[in-house]
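Spelled out, the chains give:
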Amino acid sequence: MVRVEFLGPIQKEPLMLEITNLKELASILQEDESMKEWLENCAVAVNDMLVCSREIELKDGDRVALLPPVCGG
Amino acid sequence: MVRVEFLGPIQKEPLMLEITNLKELASILQEDESMKEWLENCAVAVNDMLVCSREIELKDGDRVALLPPVCGG
Amino acid sequence: MLYLYDGPLNVATILKEWYEQEASSNYGAYISFVGTVRSEDNIEGLSFDIYEPILNSWFDAWQKKAAAKGAIIKMAHSRGDVMLHESSYIAAVFSPKRRVALELIDEFVEDFKASAPIWKYDLRGEKRVYALERSTAIKGSGLLK
Amino acid sequence: MLYLYDGPLNVATILKEWYEQEASSNYGAYISFVGTVRSEDNIEGLSFDIYEPILNSWFDAWQKKAAAKGAIIKMAHSRGDVMLHESSYIAAVFSPKRRVALELIDEFVEDFKASAPIWKYDLRGEKRVYALERSTAIKGSGLLK
């Protein structure tokens, strides 16, 4: 199982999913209308490292996080 | 009379001179061997304003200052 | 040297502590940037969420970059609510000479704004409103769209 | 907002006072630069001469330049002796937003180094040695040569 977390202002509970890569996660989240805008502007981290490819393999116990636009300071 | 001051590290007492412009001051100071190197690297202020021309007229009561290379901080 | 606090920062104390921490490190330059909540658009204050694991790794990468130039970085940030004229952010660079500090503080603060996993909300009445229009999408965003 | 002190600066107190002076001015950014005497070339400390009339007019011109950008500048400097690891210089910019502060502090500190009428001496043994090789001739120097 892969744990998917939605950070900051995204009002969505974590998901536990049986997925093996980010493409599968994209397909699942694209079906959720409330996630449509977030998918446009969110970055993705796997096990707390930002990633920039959907080809990344996921294994049991991995953690994925979606990071919406930031504004510290 | 014009008062001429030597600032910072220049070890020279102020002069009171009967001069009417900076050219005359240059001529006088060029005769002082101890001033040779300072004349190369000093800036000049008249009445506490930095000047960049020797054509400036001086009148009774004016103050001229020579400013050697600076290093605040 | 990353410090997170609940609520507003005690700026004077933090700037003093950082100065004293490096008092004998032989750094010639100490430059600090303090961010304070401004009164604008009728907000009552700001509120912040932080995702610490990624903030820590982002900060560690900057610390390595600074170390390669003989410098160090310190940073403090608030969690939760910070009201008008209170401060929520301090970043500082110590370096042997001034150019490194002046350049690093600028690069660091700008990258912080663009990349650090911190989310800002306006406080209005009883509401906490995500400041989307003032936020920046992290580089590489849109991967799952 | 130009402060001259005999001997080393009390950095923590000055940074605190400046922050408090502008606590309700609605500036979002406060950036400060602190210069500290480094141990190098076996010096025991530094010593400074200041020519105040020209320093004041130079500073006033910068204050006007800052005001045109909605910012203010504060500066403190030591007169006389400042020993190793003590601080002799603080410059600060307050501005509504960060870019102005980050850019002004850099321009101000660099012009300070190149133009402010302050002379630096190395303290070695009983001697006070003018630091000519680290000094910068003011723009327009050589007028009388």
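Definitions and limits used
Residues numbered from 1 in each chain as written. Chains lettered and ligands numbered in written order. Predicted model: local features only at pLDDT ≥ 70, side-chain atom pairs only at ≥ 80, totals over all residues. Heavy atoms only, no water. 1 Å grid on protein atoms, 1.4 Å probe; cavity = no way out; pocket = protein on both sides within 12 Å on 5 of 7 lines; lining within 4 Å. Points joined across faces, edges and corners; volume = space filled by probe spheres on them. Nonpolar A, V, L, I, M, F, W, Y, C, P; charged D, E, K, R; others polar. Pairing = 2+ DSSP bridges. Helix = DSSP H or I, 4+ residues; strand = E, 2+ residues; numbered from the N terminus. Axes fitted to C-alpha atoms, helices over the stretch in contact; angles between N-to-C directions. Polar contact = N/O pair within 3.5 Å; in protein donor to acceptor, adjacent residues only side chain to side chain. Contact = heavy atoms within 4.5 Å.

**Considering empty space enclosed by the protein**
1) Next: Here the structure, examined in full by the defined rule, presents 3 cavities of 30 Å³ or more.
2) Next: Put simply, the largest cavity is a space of about 100 Å³.
3) Next: Taken together, Thr36, Val37 and His85 of chain C together with Tyr19, Glu22, Ala23, Ser25, Asn26, Tyr27, Tyr30 and Phe94 of chain D make up the full set of residues lining the largest cavity.
4) Next: Taken together, the residues of the lining of the largest cavity break down into 6 nonpolar, 4 polar and 1 charged.

**Regarding the sheet that holds strand S4 (residues 49–51) of chain B**
Residue and element names in this part refer to chain B.
1) Next: Pairing is mixed in the open sheet, where 5 strands are placed in the order S2-S1-S5-S3-S4. Edge strands, defined here as strands with exactly one partner in the open sheet, are strand S2 (15–17) and S4. Going across the sheet, the axis of each strand differs from the next one's by a mean of 30°, ignoring polarity.
2) Next: Note: strand S1 (residues 2–6) against strand S5 (residues 63–67), 4 bridges, orientation parallel. Bridging from a neighbouring strand, Glu5 pairs with Ala65 of S5.

**Focus: the side chain of Asn21 of chain B**
Residues and elements named next belong to chain B.
1) Next: For Asn21, the location among the structural elements is in the loop between S2 and helix H1 (22–30).
2) Next: Of note is the side chain of Asn21, whose polar atom sits 3.0 Å from the backbone nitrogen of Lys23.
3) Next: Setting aside residues up to four positions removed in sequence, Asn21 forms contacts with Arg54, Ile56, Glu57 and Leu58.

**Quick word on the sheet that holds strand S1 (residues 2–6) of chain A**
Picture the strands of a sheet paired through backbone hydrogen bonds; they go either parallel or antiparallel.
Residue and element names in this part refer to chain A.
1) Next: Overall, mixed pairing links the 5 strands, which are arranged S2-S1-S5-S3-S4 in an open sheet. Edge positions in the open sheet fall to strand S2 (15–17) and strand S4 (49–51), since each of these has one partner strand only. Here the strands of the sheet are splayed against their neighbours by 30° on average, with no regard to which way each runs.
2) Next: Bridging between strand S3 (residues 43–46) and S4 involves 3 bridges; their strand directions are antiparallel. The residue bridging Ala45 from the neighbouring strand is Leu50, located in S4.

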